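Here is what each chain is made of, one letter per residue.
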Amino acid sequence: MIDNKTGTSAPLSIETLLTHGGRNPDDQFGFVNTPVYRGSTVLFKTLADLDAQRQHFLYGRAGNPTTEGVEEIISALEGAYRTQLLPSGLAAITVALLSCVEAGDDVLISDSAYEPGRSFGDGFLTKMGVSVRYYEPRIGAGLAALMQPNTRAVLAESPGSLTFEVQDIPALAKVAHAGGAKLIVDNSWASPLYHQPLALGADLVVHAGTKMFVGHSDAFAGTISTTEAAWEAVSRVRRLLGFFTSGDDAYLVARGLRTLALRMEAHKNRTLEIARWLESQPEVQQVLHPGLESHPDHALFKRDFSGSGSLFSVLLAPAPRASVAAFVDQMRLFTMGYSWGGYESLCLPVKLGANRTAKPWTKDGNLFRLHIGFEGIDDLKADLVDAMARYTLAR
Ligand SMILES: *Cc1c(COP(=O)(O)O)cnc(C)c1O
(Lines give C-alpha, C1' and ligand atoms only; values in the text may rest on other atoms or scores of the structure.)
Protein backbone atom coordinates (compact mmCIF):
# COMPACT_ATOMS: atom_id res chain seq x y z
CA MET A 1 0.00 0.00 0.00
CA ILE A 2 0.99 3.59 -0.47
CA ASP A 3 1.75 5.66 2.60
CA ASN A 4 1.03 9.29 2.04
CA LYS A 5 4.41 10.45 3.32
CA THR A 6 4.09 13.98 2.04
CA GLY A 7 0.96 14.63 4.00
CA THR A 8 -0.77 16.25 1.03
CA SER A 9 -4.11 15.03 -0.17
CA ALA A 10 -3.45 15.53 -3.89
CA PRO A 11 -4.42 12.39 -5.80
CA LEU A 12 -1.40 10.39 -6.90
CA SER A 13 -0.56 10.23 -10.58
CA ILE A 14 -0.80 6.97 -12.49
CA GLU A 15 3.00 6.88 -12.79
CA THR A 16 3.31 7.04 -9.01
CA LEU A 17 0.66 4.36 -8.51
CA LEU A 18 2.56 2.11 -10.90
CA THR A 19 5.85 2.53 -9.08
CA HIS A 20 4.64 2.56 -5.45
CA GLY A 21 1.33 0.70 -5.56
CA GLY A 22 0.74 -2.86 -4.41
CA ARG A 23 3.90 -3.32 -2.37
CA ASN A 24 4.99 -2.70 1.19
CA PRO A 25 8.73 -3.18 1.80
CA ASP A 26 8.16 -3.01 5.58
CA ASP A 27 6.31 -6.33 5.33
CA GLN A 28 9.18 -7.87 3.30
CA PHE A 29 12.27 -7.18 5.46
CA GLY A 30 12.82 -3.98 3.46
CA PHE A 31 13.11 -5.70 0.10
CA VAL A 32 11.64 -3.50 -2.60
CA ASN A 33 9.42 -6.08 -4.32
CA THR A 34 6.80 -8.34 -2.82
CA PRO A 35 8.35 -11.75 -3.50
CA VAL A 36 6.74 -14.74 -5.17
CA TYR A 37 4.46 -16.35 -2.62
CA ARG A 38 4.03 -20.04 -3.36
CA GLY A 39 1.54 -21.79 -1.16
CA SER A 40 -1.57 -23.86 -0.95
CA THR A 41 -2.03 -24.49 2.79
CA VAL A 42 -2.51 -21.54 5.11
CA LEU A 43 -2.16 -22.38 8.82
CA PHE A 44 -4.48 -21.52 11.71
CA LYS A 45 -3.10 -21.52 15.23
CA THR A 46 -6.18 -22.35 17.29
CA LEU A 47 -9.70 -23.67 16.86
CA ALA A 48 -10.95 -20.21 17.71
CA ASP A 49 -8.95 -18.79 14.80
CA LEU A 50 -10.28 -21.52 12.49
CA ASP A 51 -13.87 -20.96 13.60
CA ALA A 52 -13.52 -17.21 13.16
CA GLN A 53 -11.71 -17.73 9.81
CA ARG A 54 -8.98 -15.53 11.20
CA GLN A 55 -6.49 -15.39 8.34
CA HIS A 56 -6.29 -12.83 5.59
CA PHE A 57 -6.08 -15.63 2.98
CA LEU A 58 -7.93 -18.76 4.12
CA TYR A 59 -6.37 -20.99 1.47
CA GLY A 60 -3.84 -20.42 -1.31
CA ARG A 61 -6.48 -20.55 -4.01
CA ALA A 62 -8.04 -17.39 -2.57
CA GLY A 63 -4.88 -15.45 -3.46
CA ASN A 64 -1.65 -14.45 -1.74
CA PRO A 65 0.31 -11.22 -1.14
CA THR A 66 1.83 -11.36 -4.64
CA THR A 67 -1.52 -11.64 -6.41
CA GLU A 68 -3.16 -9.14 -4.07
CA GLY A 69 -0.48 -6.54 -4.81
CA VAL A 70 -1.29 -6.72 -8.52
CA GLU A 71 -5.00 -6.41 -7.82
CA GLU A 72 -4.41 -3.29 -5.73
CA ILE A 73 -2.46 -1.56 -8.50
CA ILE A 74 -5.05 -2.33 -11.20
CA SER A 75 -7.92 -1.17 -8.97
CA ALA A 76 -6.13 2.13 -8.41
CA LEU A 77 -5.45 2.56 -12.13
CA GLU A 78 -8.99 1.73 -13.22
CA GLY A 79 -10.67 3.61 -10.39
CA ALA A 80 -12.33 0.33 -9.48
CA TYR A 81 -13.89 -0.91 -6.26
CA ARG A 82 -11.85 -4.10 -6.55
CA THR A 83 -9.96 -6.24 -9.06
CA GLN A 84 -9.74 -9.99 -9.54
CA LEU A 85 -6.60 -11.46 -11.05
CA LEU A 86 -7.23 -14.44 -13.33
CA PRO A 87 -5.02 -16.93 -15.16
CA SER A 88 -5.59 -15.43 -18.62
CA GLY A 89 -7.34 -12.62 -20.45
CA LEU A 90 -9.83 -15.12 -21.80
CA ALA A 91 -10.61 -16.31 -18.26
CA ALA A 92 -11.28 -12.67 -17.34
CA ILE A 93 -13.79 -12.41 -20.20
CA THR A 94 -15.53 -15.69 -19.35
CA VAL A 95 -15.76 -15.00 -15.60
CA ALA A 96 -17.00 -11.45 -16.29
CA LEU A 97 -19.75 -12.76 -18.58
CA LEU A 98 -20.71 -15.60 -16.22
CA SER A 99 -20.98 -13.14 -13.33
CA CYS A 100 -23.81 -11.36 -15.17
CA VAL A 101 -26.02 -14.18 -16.43
CA GLU A 102 -28.09 -17.21 -15.55
CA ALA A 103 -30.15 -19.61 -17.66
CA GLY A 104 -32.75 -17.77 -19.71
CA ASP A 105 -30.74 -14.55 -19.96
CA ASP A 106 -29.37 -12.85 -23.06
CA VAL A 107 -25.97 -11.39 -23.90
CA LEU A 108 -24.96 -8.87 -26.58
CA ILE A 109 -21.37 -9.06 -27.82
CA SER A 110 -19.63 -6.57 -30.10
CA ASP A 111 -18.92 -7.98 -33.54
CA SER A 112 -15.37 -6.67 -33.15
CA ALA A 113 -14.70 -8.53 -29.89
CA TYR A 114 -11.78 -10.91 -29.34
CA GLU A 115 -12.66 -14.11 -31.17
CA PRO A 116 -12.21 -16.66 -28.33
CA GLY A 117 -14.69 -14.59 -26.28
CA ARG A 118 -17.21 -15.11 -29.06
CA SER A 119 -16.45 -18.83 -29.04
CA PHE A 120 -17.20 -18.90 -25.30
CA GLY A 121 -20.55 -17.28 -26.02
CA ASP A 122 -21.46 -19.59 -28.88
CA GLY A 123 -19.93 -22.79 -27.50
CA PHE A 124 -20.64 -22.46 -23.78
CA LEU A 125 -23.19 -19.81 -22.82
CA THR A 126 -25.68 -21.01 -25.42
CA LYS A 127 -25.42 -24.54 -23.96
CA MET A 128 -26.33 -23.10 -20.55
CA GLY A 129 -29.51 -21.62 -21.98
CA VAL A 130 -28.16 -18.09 -22.43
CA SER A 131 -28.80 -16.54 -25.83
CA VAL A 132 -25.84 -14.77 -27.45
CA ARG A 133 -26.26 -12.10 -30.11
CA TYR A 134 -23.81 -9.78 -31.84
CA TYR A 135 -24.03 -6.07 -32.50
CA GLU A 136 -22.30 -3.70 -34.86
CA PRO A 137 -19.46 -2.09 -32.84
CA ARG A 138 -20.35 1.49 -33.89
CA ILE A 139 -24.02 1.07 -32.93
CA GLY A 140 -23.83 3.44 -29.92
CA ALA A 141 -27.28 4.45 -28.62
CA GLY A 142 -28.80 2.31 -31.40
CA LEU A 143 -28.12 -0.66 -29.13
CA ALA A 144 -31.48 0.14 -27.53
CA ALA A 145 -33.24 -1.49 -30.50
CA LEU A 146 -31.49 -4.79 -29.77
CA MET A 147 -32.09 -4.91 -26.02
CA GLN A 148 -34.49 -7.58 -24.79
CA PRO A 149 -36.11 -7.73 -21.35
CA ASN A 150 -33.71 -10.59 -20.49
CA THR A 151 -30.50 -8.93 -21.74
CA ARG A 152 -28.12 -8.90 -18.76
CA ALA A 153 -24.70 -8.22 -20.25
CA VAL A 154 -23.24 -6.16 -23.07
CA LEU A 155 -19.63 -6.90 -23.99
CA ALA A 156 -17.61 -4.17 -25.70
CA GLU A 157 -14.01 -4.07 -26.84
CA SER A 158 -12.78 -0.62 -27.71
CA PRO A 159 -11.13 -0.39 -30.08
CA GLY A 160 -11.66 -3.87 -31.54
CA SER A 161 -8.23 -5.45 -31.64
CA LEU A 162 -8.34 -6.47 -35.33
CA THR A 163 -10.37 -3.72 -36.99
CA PHE A 164 -10.09 -0.87 -34.46
CA GLU A 165 -13.63 0.50 -34.33
CA VAL A 166 -13.96 2.81 -31.32
CA GLN A 167 -17.11 2.15 -29.29
CA ASP A 168 -19.23 4.82 -27.64
CA ILE A 169 -18.89 3.55 -24.06
CA PRO A 170 -21.07 6.22 -22.37
CA ALA A 171 -23.88 5.59 -24.88
CA LEU A 172 -23.63 1.81 -24.51
CA ALA A 173 -23.58 2.10 -20.70
CA LYS A 174 -26.71 4.24 -20.71
CA VAL A 175 -28.62 1.79 -22.89
CA ALA A 176 -27.38 -1.25 -20.97
CA HIS A 177 -28.33 0.25 -17.61
CA ALA A 178 -31.75 1.36 -18.82
CA GLY A 179 -32.43 -2.29 -19.70
CA GLY A 180 -31.03 -3.73 -16.46
CA ALA A 181 -27.83 -5.03 -18.09
CA LYS A 182 -24.18 -4.57 -17.16
CA LEU A 183 -21.56 -3.23 -19.55
CA ILE A 184 -18.27 -5.14 -19.72
CA VAL A 185 -15.39 -3.44 -21.56
CA ASP A 186 -12.19 -5.12 -22.77
CA ASN A 187 -9.64 -2.36 -22.22
CA SER A 188 -6.52 -4.31 -23.20
CA TRP A 189 -5.49 -2.05 -26.10
CA ALA A 190 -5.31 1.35 -24.38
CA SER A 191 -4.47 0.07 -20.90
CA PRO A 192 -5.83 2.08 -17.93
CA LEU A 193 -3.25 4.76 -18.69
CA TYR A 194 -5.16 5.98 -21.71
CA HIS A 195 -8.76 4.83 -21.17
CA GLN A 196 -10.78 4.31 -18.01
CA PRO A 197 -14.13 2.76 -18.92
CA LEU A 198 -15.53 2.67 -15.36
CA ALA A 199 -15.45 6.47 -15.30
CA LEU A 200 -17.41 6.42 -18.58
CA GLY A 201 -20.16 4.23 -17.14
CA ALA A 202 -18.92 0.65 -17.59
CA ASP A 203 -19.55 -1.84 -14.78
CA LEU A 204 -16.72 -4.29 -15.41
CA VAL A 205 -13.38 -3.78 -17.15
CA VAL A 206 -11.34 -6.74 -18.34
CA HIS A 207 -7.70 -6.89 -19.39
CA ALA A 208 -5.56 -9.40 -21.12
CA GLY A 209 -2.74 -8.80 -18.63
CA THR A 210 -0.73 -11.13 -20.85
CA LYS A 211 -0.27 -8.24 -23.26
CA MET A 212 0.66 -4.77 -21.98
CA PHE A 213 0.83 -5.51 -18.23
CA VAL A 214 3.31 -8.38 -18.53
CA GLY A 215 4.94 -6.66 -21.50
CA HIS A 216 7.57 -9.30 -22.26
CA SER A 217 5.64 -12.17 -23.91
CA ASP A 218 6.52 -14.52 -21.07
CA ALA A 219 3.43 -14.99 -18.87
CA PHE A 220 -0.37 -15.19 -18.90
CA ALA A 221 -2.76 -13.16 -16.78
CA GLY A 222 -6.15 -11.48 -16.88
CA THR A 223 -7.92 -8.98 -14.66
CA ILE A 224 -11.50 -7.94 -13.96
CA SER A 225 -12.00 -4.58 -12.27
CA THR A 226 -15.50 -3.65 -11.17
CA THR A 227 -17.80 -1.18 -9.53
CA GLU A 228 -18.91 -2.04 -6.01
CA ALA A 229 -22.26 -3.32 -7.31
CA ALA A 230 -20.66 -5.72 -9.79
CA TRP A 231 -17.97 -7.08 -7.48
CA GLU A 232 -19.75 -9.74 -5.43
CA ALA A 233 -20.84 -11.78 -8.46
CA VAL A 234 -17.34 -11.73 -9.98
CA SER A 235 -15.77 -12.82 -6.72
CA ARG A 236 -18.34 -15.62 -6.29
CA VAL A 237 -18.03 -17.00 -9.84
CA ARG A 238 -14.23 -16.95 -9.60
CA ARG A 239 -14.39 -18.84 -6.32
CA LEU A 240 -16.93 -21.37 -7.55
CA LEU A 241 -14.93 -22.08 -10.70
CA GLY A 242 -11.68 -22.45 -8.76
CA PHE A 243 -9.60 -20.11 -10.91
CA PHE A 244 -6.27 -19.25 -9.38
CA THR A 245 -3.25 -17.27 -10.58
CA SER A 246 0.12 -18.35 -9.26
CA GLY A 247 2.46 -16.08 -7.34
CA ASP A 248 5.06 -16.70 -10.06
CA ASP A 249 2.80 -15.31 -12.77
CA ALA A 250 1.54 -12.49 -10.55
CA TYR A 251 5.15 -11.49 -9.88
CA LEU A 252 5.77 -11.12 -13.62
CA VAL A 253 2.64 -8.98 -13.94
CA ALA A 254 3.77 -6.75 -11.06
CA ARG A 255 7.23 -6.40 -12.56
CA GLY A 256 5.78 -5.51 -15.95
CA LEU A 257 3.47 -2.91 -14.40
CA ARG A 258 6.37 -0.97 -12.89
CA THR A 259 7.42 0.16 -16.37
CA LEU A 260 3.96 0.28 -17.98
CA ALA A 261 3.81 4.08 -18.22
CA LEU A 262 7.19 4.29 -19.94
CA ARG A 263 6.46 1.41 -22.27
CA MET A 264 3.02 2.74 -23.22
CA GLU A 265 4.45 6.17 -23.99
CA ALA A 266 7.11 4.63 -26.23
CA HIS A 267 4.65 2.22 -27.88
CA LYS A 268 2.21 5.08 -28.50
CA ASN A 269 4.73 7.39 -30.18
CA ARG A 270 6.49 4.72 -32.21
CA THR A 271 3.22 3.15 -33.34
CA LEU A 272 1.76 6.49 -34.43
CA GLU A 273 4.94 7.27 -36.34
CA ILE A 274 4.82 3.98 -38.26
CA ALA A 275 1.06 4.24 -38.82
CA ARG A 276 1.38 7.78 -40.24
CA TRP A 277 4.29 6.79 -42.42
CA LEU A 278 2.38 3.76 -43.75
CA GLU A 279 -0.48 6.03 -44.86
CA SER A 280 1.81 7.44 -47.56
CA GLN A 281 3.05 4.10 -48.90
CA PRO A 282 1.82 3.03 -52.36
CA GLU A 283 0.37 -0.42 -51.52
CA VAL A 284 -1.52 0.93 -48.51
CA GLN A 285 -5.27 1.43 -48.93
CA GLN A 286 -6.10 2.26 -45.34
CA VAL A 287 -4.44 2.39 -41.94
CA LEU A 288 -6.81 1.42 -39.14
CA HIS A 289 -5.50 3.33 -36.13
CA PRO A 290 -7.99 5.49 -34.18
CA GLY A 291 -5.26 7.97 -33.26
CA LEU A 292 -4.96 8.99 -36.93
CA GLU A 293 -7.03 11.94 -38.14
CA SER A 294 -8.15 9.77 -41.09
CA HIS A 295 -9.81 7.20 -38.83
CA PRO A 296 -13.64 7.36 -38.93
CA ASP A 297 -13.84 7.26 -35.12
CA HIS A 298 -11.07 9.76 -34.45
CA ALA A 299 -13.43 12.28 -32.81
CA LEU A 300 -14.81 9.67 -30.43
CA PHE A 301 -11.27 8.51 -29.73
CA LYS A 302 -10.20 12.07 -28.86
CA ARG A 303 -13.20 12.43 -26.56
CA ASP A 304 -12.68 9.24 -24.54
CA PHE A 305 -8.98 8.28 -24.79
CA SER A 306 -5.87 10.17 -23.69
CA GLY A 307 -3.47 8.05 -25.74
CA SER A 308 -3.18 5.03 -27.99
CA GLY A 309 -1.68 1.57 -27.94
CA SER A 310 0.87 -0.48 -29.81
CA LEU A 311 -1.50 -2.27 -32.12
CA PHE A 312 -3.18 -1.30 -35.39
CA SER A 313 -4.02 -2.78 -38.76
CA VAL A 314 -3.09 -1.88 -42.29
CA LEU A 315 -5.11 -2.77 -45.37
CA LEU A 316 -3.05 -3.42 -48.48
CA ALA A 317 -4.35 -3.36 -52.05
CA PRO A 318 -5.98 -6.61 -53.20
CA ALA A 319 -3.46 -9.33 -54.07
CA PRO A 320 -3.44 -13.15 -54.01
CA ARG A 321 -2.45 -15.22 -50.97
CA ALA A 322 1.03 -15.62 -52.48
CA SER A 323 1.57 -11.89 -51.97
CA VAL A 324 0.60 -12.21 -48.30
CA ALA A 325 3.14 -15.02 -47.96
CA ALA A 326 5.77 -12.92 -49.75
CA PHE A 327 5.06 -10.10 -47.30
CA VAL A 328 5.41 -12.05 -44.06
CA ASP A 329 7.60 -15.07 -44.81
CA GLN A 330 10.83 -13.17 -45.33
CA MET A 331 10.51 -10.38 -42.81
CA ARG A 332 13.73 -9.83 -40.89
CA LEU A 333 12.39 -8.19 -37.72
CA PHE A 334 8.60 -8.46 -37.58
CA THR A 335 7.62 -11.97 -36.58
CA MET A 336 4.29 -13.70 -36.94
CA GLY A 337 2.30 -14.91 -33.96
CA TYR A 338 -0.85 -14.42 -31.96
CA SER A 339 -0.75 -12.10 -28.98
CA TRP A 340 1.01 -8.73 -28.66
CA GLY A 341 2.24 -6.37 -25.95
CA GLY A 342 5.87 -7.54 -25.81
CA TYR A 343 9.04 -5.62 -26.62
CA GLU A 344 9.22 -7.31 -30.04
CA SER A 345 7.29 -6.25 -33.13
CA LEU A 346 4.72 -8.59 -34.63
CA CYS A 347 2.88 -8.80 -37.93
CA LEU A 348 -0.21 -10.97 -38.29
CA PRO A 349 -2.19 -11.43 -41.50
CA VAL A 350 -5.85 -11.22 -40.47
CA LYS A 351 -8.64 -13.24 -42.00
CA LEU A 352 -12.05 -11.84 -41.15
CA GLY A 353 -14.86 -14.13 -42.11
CA ALA A 354 -17.02 -16.29 -39.90
CA ASN A 355 -16.16 -14.12 -36.91
CA ARG A 356 -18.18 -11.22 -38.34
CA THR A 357 -21.91 -11.82 -38.17
CA ALA A 358 -23.63 -8.53 -37.24
CA LYS A 359 -21.96 -6.64 -40.07
CA PRO A 360 -19.85 -8.72 -42.48
CA TRP A 361 -16.42 -7.32 -43.35
CA THR A 362 -16.62 -6.24 -46.99
CA LYS A 363 -13.38 -4.36 -47.65
CA ASP A 364 -11.24 -5.74 -50.47
CA GLY A 365 -7.55 -6.20 -49.89
CA ASN A 366 -5.37 -7.92 -47.33
CA LEU A 367 -5.39 -6.90 -43.71
CA PHE A 368 -2.26 -7.12 -41.53
CA ARG A 369 -2.21 -6.41 -37.82
CA LEU A 370 1.00 -4.84 -36.53
CA HIS A 371 2.30 -4.55 -32.98
CA ILE A 372 5.15 -2.05 -32.81
CA GLY A 373 7.87 -3.00 -30.35
CA PHE A 374 11.19 -1.46 -29.42
CA GLU A 375 13.49 -2.20 -32.35
CA GLY A 376 15.11 0.71 -34.16
CA ILE A 377 12.31 2.56 -35.93
CA ASP A 378 14.20 2.89 -39.22
CA ASP A 379 14.96 -0.84 -39.16
CA LEU A 380 11.23 -1.54 -38.78
CA LYS A 381 10.37 0.80 -41.66
CA ALA A 382 13.01 -0.86 -43.87
CA ASP A 383 11.55 -4.27 -43.04
CA LEU A 384 8.09 -3.02 -44.08
CA VAL A 385 9.41 -1.37 -47.27
CA ASP A 386 11.01 -4.66 -48.33
CA ALA A 387 7.87 -6.61 -47.44
CA MET A 388 5.67 -4.29 -49.50
CA ALA A 389 8.05 -4.60 -52.46
CA ARG A 390 7.85 -8.40 -52.30
CA TYR A 391 4.05 -8.11 -51.99
CA THR A 392 3.87 -6.14 -55.24
CA LEU A 393 6.26 -8.47 -57.06
CA ALA A 394 4.29 -11.58 -56.10
CA ARG A 395 1.00 -10.20 -57.39
C1 LIG B 1 -5.16 -11.65 -26.14
C2 LIG B 1 -6.42 -10.95 -25.84
C3 LIG B 1 -7.32 -11.49 -24.92
C4 LIG B 1 -7.08 -12.81 -24.24
O5 LIG B 1 -5.96 -12.82 -23.41
P6 LIG B 1 -5.19 -14.18 -23.10
O7 LIG B 1 -4.35 -13.85 -21.92
O8 LIG B 1 -4.41 -14.52 -24.33
O9 LIG B 1 -6.23 -15.21 -22.79
C10 LIG B 1 -8.47 -10.77 -24.64
N11 LIG B 1 -8.74 -9.60 -25.25
C12 LIG B 1 -7.89 -9.05 -26.15
C13 LIG B 1 -8.24 -7.77 -26.78
C14 LIG B 1 -6.71 -9.72 -26.48
O15 LIG B 1 -5.89 -9.19 -27.39
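The rules we used
- Residues numbered from 1 in each chain as written.
- Predicted model: local features only at pLDDT ≥ 70, side-chain atom pairs only at ≥ 80, totals over all residues.
- Heavy atoms only, no water.
- Helix = DSSP H or I, 4+ residues; strand = E, 2+ residues; numbered from the N terminus.
- Rg over C-alpha atoms; globule rule 2.2 N^0.38 Å.
- Buried < 20%, exposed > 50% of the residue type's maximum accessible area, 1.4 Å probe, protein only.
- Areas by Shrake-Rupley, 256 points an atom, 1.4 Å probe, with all protein chains shown as cover.
- Near = heavy atom within 4 Å.
- Polar contact = N/O pair within 3.5 Å; in protein donor to acceptor, adjacent residues only side chain to side chain.
- Axes fitted to C-alpha atoms, helices over the stretch in contact; angles between N-to-C directions.
- Parallel < 35°, antiparallel > 145°, perpendicular 65-115°, else oblique.
- Left-handed = near helix turned anticlockwise from the far one by under 90°.
- Contact = heavy atoms within 4.5 Å.
- Nonpolar A, V, L, I, M, F, W, Y, C, P; charged D, E, K, R; others polar.
- Phe/Tyr/Trp six-rings, centres within 6.5 Å; stacked < 30°, edge-to-face > 60°.
- Domains from an automatic or database assignment.
- Buried area = accessible area lost by both parts, 1.4 Å probe.
- Salt bridge = Lys/Arg side-chain N within 4 Å of Asp/Glu carboxyl O.

A. Spotlight on the overall build of the protein. Each helix and strand in the protein was counted, giving 13 helices and 11 strands. Against the compact-globule benchmark of 21 Å for 395 residues, the protein has a radius of gyration of 22 Å, which places it among compact chains. Taken over the C-alpha atoms alone, the protein extends approximately 75 × 50 × 40 Å along its principal axes. Expressed as a percentage of its 395 residues, the buried residues of the protein come to 54%. For the protein, the exposed area adds up to about 17,300 Å²; of that, 55% sits on carbon and sulfur atoms.

B. Molecular detail of the site of the ligand. Near the ligand lie 14 residues; those nearest to it are Gly-89, Leu-90, Asp-186, Thr-210 and Lys-211. In the model, an oxygen atom of the ligand is placed 2.5 Å from a nitrogen or oxygen of the Thr-210 side chain.

C. Spatial organisation of the packing of helix α4 (residues 89–98) against helix α5 (residues 115–125). At a minimum axis separation of 10 Å, α4 and α5 run at an interaxial angle of 45 degrees. Relative to α5, α4 is oriented oblique. α4 and α5 meet at a crossing whose hand is right-handed. The segment α4 lies against α5, with Leu-90, Ile-93, Thr-94, Leu-97 and Leu-98 engaging Pro-116, Gly-117, Phe-120, Phe-124 and Leu-125. Looking at side-chain class alone, the contact of α4 with α5 contains 8 nonpolar, 2 polar and no charged residues.

D. Main features of the packing of aromatic side chains. One pass over the full model with this rule turns up 7 aromatic pairs. For the pair Phe-120 and Phe-124, a centre-to-centre distance of 5.0 Å together with 20 degrees between the ring planes defines the contact as stacked. With Phe-120 and Phe-124 both in helix α5, this residue pair falls 4 residues apart, about one helical turn. Accessibility expressed as a relative area gives 12% for Phe-120, which makes it buried. Relative accessible area serves as the criterion here: at 40%, Phe-124 is assigned to the partly exposed category. Aromatic pair Phe-327 and Tyr-391: ring centres 6.2 Å apart, planes at 85 degrees, arrangement edge-to-face. One end of the pair, Phe-327, is in helix α12 (residues 321–329); the other, Tyr-391, is in helix α13 (residues 377–393), with 64 residues separating them in the sequence. For the pair Phe-327 and Tyr-391, one class covers both residues: buried.

E. Main features of the domain arrangement of the protein. Segmenting the protein into domains produces domain 1 (14–258) and domain 2 (261–393). A straight line from the C-alpha centre of domain 1 to that of domain 2 covers 27 Å. Listed as interface residues are 40 residues of domain 1 and, on the opposing side, 42 residues of domain 2. The contact between domain 1 and domain 2 buries some 3,400 Å² in all, and 60% of this surface belongs to carbon and sulfur atoms. Between the two partners, domain 1 and domain 2, sit 3 salt bridges. The partner of Arg-138 in a salt bridge is Asp-297, with the nearest N and O atoms 2.8 Å apart. Our enumeration of links across domain 1 and domain 2 arrives at 22 residue pairs in polar contact (both at pLDDT 80 or more). Listed by contribution, the elements that provide at least two residues to the side of domain 1 that touches domain 2 are α1 (14–20), α5, β3 (131–135), α6 (169–178), α7 (191–194) and α9 (247–258). Looking at the side of domain 1 that touches domain 2, the element that brings in the most residues is α7, giving 3 residues. Of the residues in the side of domain 1 that touches domain 2, the class split is 18 nonpolar, 13 polar and 9 charged.

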